[in-house]
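# Residue-level structural notes
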Amino acid sequence: MSFFGFGQNAEIDIVLNDADTRKKAEHKTEDGKKDKYFLFFDGETVSGKVNVTLKTPGKRLEHYGIKIEFVGQIELYYDRGNHHEFVSLVKDLARPGELSQSQSFDFEFTHVEKPYESYTGQNVKLRYFLRATVSRRLNDIIKEMDIVVQTLCTYPELNSSIKMEVGIEDCLHIEFEYNKSKYHLRDVIVGKIYFLLVRIKIKHMEIDIIKRETTGTGPSVYHENDTIAKYEIMDGAPVRGESIPIRLFLAGYELTPTMRDINKKFSVRYYLNLVLIDEEERRYFKQQEITLWRKGDIVRKSMSQQAAIASQRFEGSHCENMSAQAREDSN
Amino acid sequence: MADTIADTRRLFTRPQNLSDAYGPPSNFLEIEVSSPETVGVGRNRFTTYEIRLKTNLPIFKLKESRVRRRYSDFEWLRGELERESKVVVPQLPGKALFRQLPFRGDDGIFDDSFIEERRTGLEQFLNKVAGHPLAQNERCLHMFLQDEIVDKSYTPSKIRQA
């Protein structure tokens, strides 16, 4: 967003050096619209040019200095006045003086640390941007350019499954299992619900993904719960011994990585909520936190290699069933 | 942009016992409110309803029971459940005080269509309440459904499963 005062006689523009090759990522703005921004990762250099264009050639532009800043900040919606800057770098481009013609200034922020991922939420926003300023006596000429930062992770070393037995004494006992506790954003949740005891009349069962954004500390803590997905996994009444499979593809939903206590200002956590609904619309549920992480794009194996892997898996399970059958037959 | 194919095979499950799969479910609970009968004469008349219960839930002492109850018994049950349990108890069909005023064109609270409306409402109420896992722990519910007489001076308590 650029701020233009009255009688502006110059325009400033920020252009990145790698604008042609750098990827862009979609990011939601505060009012819900989706826009594309240049994508950066931690440690990458941010370099480019600031172009100052005089609107009326011949008319000189007096200024008190030209600079460019790289800012990473957290903005809490209920405390708009206080931006918390966790990254703030400045490069002076020109000392106070006069511009008699349009001019271009090079800048480079080398290997900038970008510790957190860009996030626009319900009560908080974390953003990175470049801000070029031409300081003047009455009103500065400012141009901001937002960028998007993503934080990548590698496969977690430990990724145990979640398996638990829950229920209401003598009414409903189930054992639920999810194959992992940490899922990447395009992963698949594979699980099952095993019914040990069913003494209520269940109508259907669904699994919800809930996002909880927590802002603030101490006495003023705000939780915003948002149900990102509702996915029915069973329609009808189960009996004891029945197993209901779960297969939920995360790529179809708008998810961010789990963010824990970012700069001590906010958290974004995700939960799986297993909900059973009985014939009288009573709801029985169990919430379980999962960790979401962002996987970097890896070099794609060839299609034939991938097909071979997939068919091996299918054949593998087929063989398991066959041998179980053989054992039964021989008994 | 595609990743390697994720492993989406089902998790291992134990095969189901065939008697579990094809046997009667263990959540059988049927409650019927029927056969309204008006007893008494003149101003001391009231209507009773038959409540028939069939179940295989272990928490009910009798697998089949048949009792007669009147509207005020339902009101008593609702009050007990609201006080003793944490259940949000559903509403009963209306008290219809205006129907008890004199000089009406119809039979007031002994009108057939009114009784039928009330019967349906009481049946819905009981099915909702008796299926609630928390309400099933209350002594008052079991006394209402299965004991011959409702003893309003009972000691409220929770049922414990054997």
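Because the structure is predicted, anything quoted here is derived from the model rather than measured.

## Topic: the overall build of chain B
Each helix and strand counted, chain B has 4 helices and 3 strands in total. Mapped in sequence order, the helices and strands of chain B form the string α-β-β-β-α-α-α. For 162 residues, the compact-globule formula gives about 15 Å, and the C-alpha radius of gyration of chain B, at 22 Å, lies well above that figure. Principal-axis analysis of the C-alpha atoms gives chain B an extent of 80 × 45 × 30 Å. Residue pairs in contact within chain B that sit at least 24 positions apart in sequence constitute 54% of those at least 6 positions apart. Accessible surface, chain B as shown: approximately 10,000 Å² in total, 52% of it carbon and sulfur. Across chain B, the 26 positively charged side chains and the 24 negatively charged ones have centroids separated by 3 Å.

## Some thoughts on the interface of chain B and chain A
Quoted interface sizes are often the accessible area lost when the parts come together. Tallying the contact residues gives 30 residues for chain B and 35 residues for chain A. Each partner contributes to the roughly 3,200 Å² buried at the junction of chain B and chain A, and carbon and sulfur atoms together form 52% of this total. Between the two partners, chain B and chain A, sit 9 residue pairs in polar contact (both at pLDDT 80 or more). Classifying every residue of the side of chain B that touches chain A gives 12 nonpolar, 11 polar and 7 charged.

## Topic: the sheet that holds strand S9 (residues 103–109) of chain A
All names here are of chain A. Ordered in space as S1-S4-S9, the 3 strands form an open sheet in which the pairing is antiparallel. Here the strands that pair on one side only, and so sit at the sheet edges, are strand S1 (10–16) and S9. Ignoring which end each strand starts from, the neighbouring axes of this sheet average 20° apart. Pairing geometry for S1 and strand S4 (residues 46–54), over 7 bridges, is antiparallel. Each bridged residue has a counterpart across the sheet, and for Ile 12 the counterpart in S4 is Val 52.

## Some words on the packing of helix H3 (residues 112–130) of chain B against helix H4 (residues 139–146) of chain B
Residues and elements named next belong to chain B. Across the interface, H3 lies against H4 with an axial gap of 12 Å and an inter-helix angle of 135°. Here H3 is positioned oblique relative to H4, judged by the angle of their axes. In this structure, the crossing between H3 and H4 has a hand that is left-handed. The residues of H4 that touch H3, namely those facing Leu 126, Val 129 and Ala 130, are Leu 141, Phe 144 and Leu 145. When its residues are assigned to classes, the contact of H3 with H4 shows 6 nonpolar, no polar and no charged.

## Description of the packing of helix H2 (residues 71–84) of chain B against H4(B)
Geometry of a packed helix pair, given as the angle between the helix axes and the separation of the axes. Residues and elements named next belong to chain B. Remark: H2 packs on H4, axes separated minimally by 9 Å, with the N-to-C direction vectors making an angle of 160°. Comparing the axis directions of H2 and H4 gives the class roughly antiparallel. The interaxial crossing formed by H2 with H4 has left-handed handedness. Only Cys 140, Leu 141, Met 143 and Phe 144 of H4 make contact with H2, whose side of the interface consists of Asp 73, Phe 74, Trp 76, Leu 77, Glu 80 and Leu 81. Grouping the constituent residues of the contact of H2 with H4 by class yields 8 nonpolar, no polar and 2 charged.

## Some details on the pattern of salt bridges
All names here are of chain A. In the structure shown here, the tally under the stated rule is 40 salt bridges over all chains. A salt bridge links Arg 260 to Glu 289; its shortest N-O distance comes to 3.5 Å. Highlighted residues: Arg 260 in strand S20 (residues 259–262) and Glu 289 in strand S22 (residues 283–293), separated in sequence by 29 residues. Of the residues examined, Glu 289 reaches a relative accessible area of 25% and is grouped as partly exposed. Overlapping salt bridges bring together Glu 69, Arg 127, Arg 131, Glu 144 and Asp 146 as one network.

## Here we look at the packing of aromatic side chains
Inspection of every chain in the model, using the stated rule, returns 12 aromatic pairs over all chains. Centre to centre, the rings of A:Phe176 and A:Tyr178 are 5.2 Å apart; their planes meet at 40°, and the pair counts as tilted. There is no split in this pair, since A:Phe176 and A:Tyr178 are both buried. Ring pairing ties together the aromatic residues A:Phe70, A:Phe86, A:Phe107, A:Phe109, A:Tyr116 and A:Tyr128, which thus form one cluster. Seen from the ring of A:Tyr271, A:Arg212 lies directly overhead, with NZ or CZ sitting 4.6 Å from the centre. B:Arg118 extends its terminal NZ or CZ atom over the ring of B:Tyr71, reaching a point 3.7 Å from the ring centre.

Parameters and conventions
- Residues numbered from 1 in each chain as written.
- Chains lettered and ligands numbered in written order.
- Predicted model: local features only at pLDDT ≥ 70, side-chain atom pairs only at ≥ 80, totals over all residues.
- Heavy atoms only, no water.
- Helix = DSSP H or I, 4+ residues; strand = E, 2+ residues; numbered from the N terminus.
- Rg over C-alpha atoms; globule rule 2.2 N^0.38 Å.
- Contact = heavy atoms within 4.5 Å.
- Areas by Shrake-Rupley, 256 points an atom, 1.4 Å probe, with all protein chains shown as cover.
- Lys, Arg positive; Asp, Glu negative; His and termini not counted.
- Charge placed at Lys NZ, Arg CZ, Asp CG, Glu CD.
- Buried area = accessible area lost by both parts, 1.4 Å probe.
- Polar contact = N/O pair within 3.5 Å; in protein donor to acceptor, adjacent residues only side chain to side chain.
- Nonpolar A, V, L, I, M, F, W, Y, C, P; charged D, E, K, R; others polar.
- Pairing = 2+ DSSP bridges.
- Axes fitted to C-alpha atoms, helices over the stretch in contact; angles between N-to-C directions.
- Parallel < 35°, antiparallel > 145°, perpendicular 65-115°, else oblique.
- Left-handed = near helix turned anticlockwise from the far one by under 90°.
- Salt bridge = Lys/Arg side-chain N within 4 Å of Asp/Glu carboxyl O.
- Buried < 20%, exposed > 50% of the residue type's maximum accessible area, 1.4 Å probe, protein only.
- Phe/Tyr/Trp six-rings, centres within 6.5 Å; stacked < 30°, edge-to-face > 60°.
- Lys NZ or Arg CZ within 6 Å of the ring centre and 35° of its normal.

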